[in-house]
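Spelled out, the chains give:
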Amino acid sequence: MRMPPVTPAELREAIAGTLALHVKSYDLAAACVHLGLAPQQSGEDPFTSKRLYVRARLQDKNLPDLTALARHVISEYGDDDLRRLYERLGLLGVDGEFRNLIFAADGPKPRIVLPDSVGNTIRIVENERFCLVYDEPLKDQGLTWSDLLAWWQRHHPQDAADPSRARITLHDRLRRSLGDNGAEQLIFDTYVKLGFDLPALIPQVYLHYDPYTARELNGLTALGRQRMDFLLLMNNRARAVIGVDGRQHYAGPDGTADTAAYAAMMTEDRELTLQGYEIYRIGGHDLTNHTSAEAMLTDLFTRLLHRHGHHIP
């Protein structure tokens, strides 16, 4: 039975209840400021009602703001009730549940069928050898390099007994999906340097799937941006899309500004945001200088991972 959607009112009440339970009255004002909420105002007293004190700071927050705040509160205090409510927000796919991750495509587009449309199961019937499919349960901490390596070893017996070899072959296979795209290679290489005990940076992920080609659709498509550059699946089911914006995102073949292409990209971004994804766009120009680009990317990933409770060694 599908659970009803989480409302902002439910999330406000759960956050207020969590802080009231876990934070002492004399620490509550400072804790709220630490979480990005408004400071204590004249006439307010956390000792009167901790729950009301917090609730007053949440009334102007929308669902995306409350979702990010809930994630932060869970990271700080680990409340099980709030975590269960947060998990109802889900890692959203087409049907609201995580089922398959099709990624690292390094050849022709896979042909996918639905052998069981009721159960929403898929089967790749053509070009499967050009992509990878992760279909195991997603842990609360997302999908880490360790998870991905263990999955790789289970599917590649020749690497099962040698983790060092497995890491090399998995790395090479993922990087190969980037082709000769120097900007994407730089992003991937910079992230890998941050360490192994982190969420995996998953390249070339199919977000949507349309079985028809652009030619068959006469230039029209029911689903935009079928493949994303990179995906991070992090703590508490947070997910972030990392995209590289080349000229094709904002300019036509002649190099002049293409407002229609830019508007289409923004429309797709809004849809992803409403589904719960965080989107981080990197301009191709920012990656032209290797040294400064690597420093910028390291800072971006460090701050992004820290925001979701992942700490770089």
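An account of the accompanying structure is given in this report.

Looking only at helices and strands, the protein has eleven helices and eight strands in total. Per-residue burial for the protein yields a buried fraction of 42% across its 313 residues. Partitioning the contacts of the protein with sequence separation of at least 6, the portion at a separation of at least 24 is 62%. As displayed, the protein has an accessible area near 17000 Å², and 53% of this comes from carbon and sulfur atoms.

As a further point, take the side chain of D269. The residue D269 is located in helix α10 (residues 259–274) in this model. Of the polar contacts made by the side chain of D269, one reaches the side chain of R281; its length is 2.8 Å.

As a further point, take the pattern of salt bridges. Using the criterion set out here, one finds 14 salt bridges in the structure. Between R71 and E278 there is a salt bridge; the shortest N-O distance is 2.9 Å. Within this pair, whereas R71 is found in helix α4 (residues 63–77), its partner E278 is found in strand β8 (residues 278–283), the two being separated by 207 residues in sequence. Like E278, R71 is buried. E278 is paired through a salt bridge with R307; the nearest N and O atoms lie 3.4 Å apart. With a gap of 29 residues between them, E278 in strand β8 and R307 in helix α11 (residues 290–307) connect regions that are remote in the sequence. The buried category is assigned to E278, whose relative accessible area is 12%. Taking relative accessible area as the criterion, R307 reaches 46% and is therefore assigned partly exposed. One salt-bridge network, held together by shared partners, links E13, R51 and R55.

So, on to the packing of aromatic side chains. Under the definition given, this model contains six aromatic pairs. A centroid spacing of 6.5 Å and a plane angle of 55° characterise the contact between W151 and W152, whose relative ring orientation is tilted. By the burial criterion, W151 is buried, and W152 matches it. Measuring from ring centre to ring centre gives 4.9 Å for Y191 and F301, while their planes differ by 80°; the resulting arrangement is edge-to-face. With a gap of 110 residues between them, Y191 in helix α9 (residues 182–192) and F301 in helix α11 connect regions that are remote in the sequence. One exposure class covers both Y191 and F301, and it is buried. Members of the aromatic cluster, joined through ring pairs, are F103, Y134, W151 and W152. Just above the ring of F196 sits the side chain of R167; from NZ or CZ to the centre is 3.9 Å.

Attention now moves to the sheet that holds β8. In space, the four strands of this open sheet follow the order β5-β6-β7-β8, with mixed pairing throughout. Looking along the sheet, the strands with just one partner apiece sit at the ends: β5 (201–206) and β8. This sheet shows a mean twist of 35° between the axes of neighbouring strands, independent of strand direction. Sitting on the sheet, α11 is in contact with β5, β6 (227–233), β7 (239–245) and β8, with an inclination near 175° to β8.

Looking now at the pairing of β7. Within β7, seven of the seven residues are buried, leaving the element largely enclosed by the surrounding structure. Covered by surrounding structure in β7 are R239, V241, G243 and D245 together with A240, I242 and V244, the residues of both alternating faces. In the sheet, β6 pairs with β7 via four bridges, with the strands oriented antiparallel. Paired with F230 across the two strands is I242, which belongs to β7.

Another aspect to go through is the packing of helix α1 (residues 8–22) against α4. Relative orientation of the contacting elements α1 and α4 amounts to 25°, with a least axis distance of 10 Å. Between α1 and α4, the angle falls in the class roughly parallel. In the packing of α1 onto α4, the handedness of the crossing is left-handed. Mapping the contact onto sequence places P8, L11, R12, I15, T18, L19 and H22 in α1 and L63, L66, T67, L69, A70, V73 and Y77 in α4.

Moving on: the packing of helix α8 (residues 163–176) against α9. Between α8 and α9, the least distance of the axes is 10 Å, while the angle of their chain directions is 155°. Relative to α9, α8 is oriented roughly antiparallel. Here α8 and α9 pass one another in a crossing that is right-handed. Between α8, through H171, L174 and R175, and α9, the contact on the second element is made entirely by Q185, F188, D189 and V192. Classifying every residue of the contact of α8 with α9 by side-chain character gives three nonpolar, two polar and two charged.

Conventions and cut-offs
- Residues numbered from 1 in each chain as written.
- Predicted model: local features only at pLDDT ≥ 70, side-chain atom pairs only at ≥ 80, totals over all residues.
- Heavy atoms only, no water.
- Helix = DSSP H or I, 4+ residues; strand = E, 2+ residues; numbered from the N terminus.
- Buried < 20%, exposed > 50% of the residue type's maximum accessible area, 1.4 Å probe, protein only.
- Contact = heavy atoms within 4.5 Å.
- Areas by Shrake-Rupley, 256 points an atom, 1.4 Å probe, with all protein chains shown as cover.
- Polar contact = N/O pair within 3.5 Å; in protein donor to acceptor, adjacent residues only side chain to side chain.
- Salt bridge = Lys/Arg side-chain N within 4 Å of Asp/Glu carboxyl O.
- Phe/Tyr/Trp six-rings, centres within 6.5 Å; stacked < 30°, edge-to-face > 60°.
- Lys NZ or Arg CZ within 6 Å of the ring centre and 35° of its normal.
- Pairing = 2+ DSSP bridges.
- Axes fitted to C-alpha atoms, helices over the stretch in contact; angles between N-to-C directions.
- Parallel < 35°, antiparallel > 145°, perpendicular 65-115°, else oblique.
- Left-handed = near helix turned anticlockwise from the far one by under 90°.
- Nonpolar A, V, L, I, M, F, W, Y, C, P; charged D, E, K, R; others polar.

Read these as layout, nothing more, since geometry by itself doesn't imply function.
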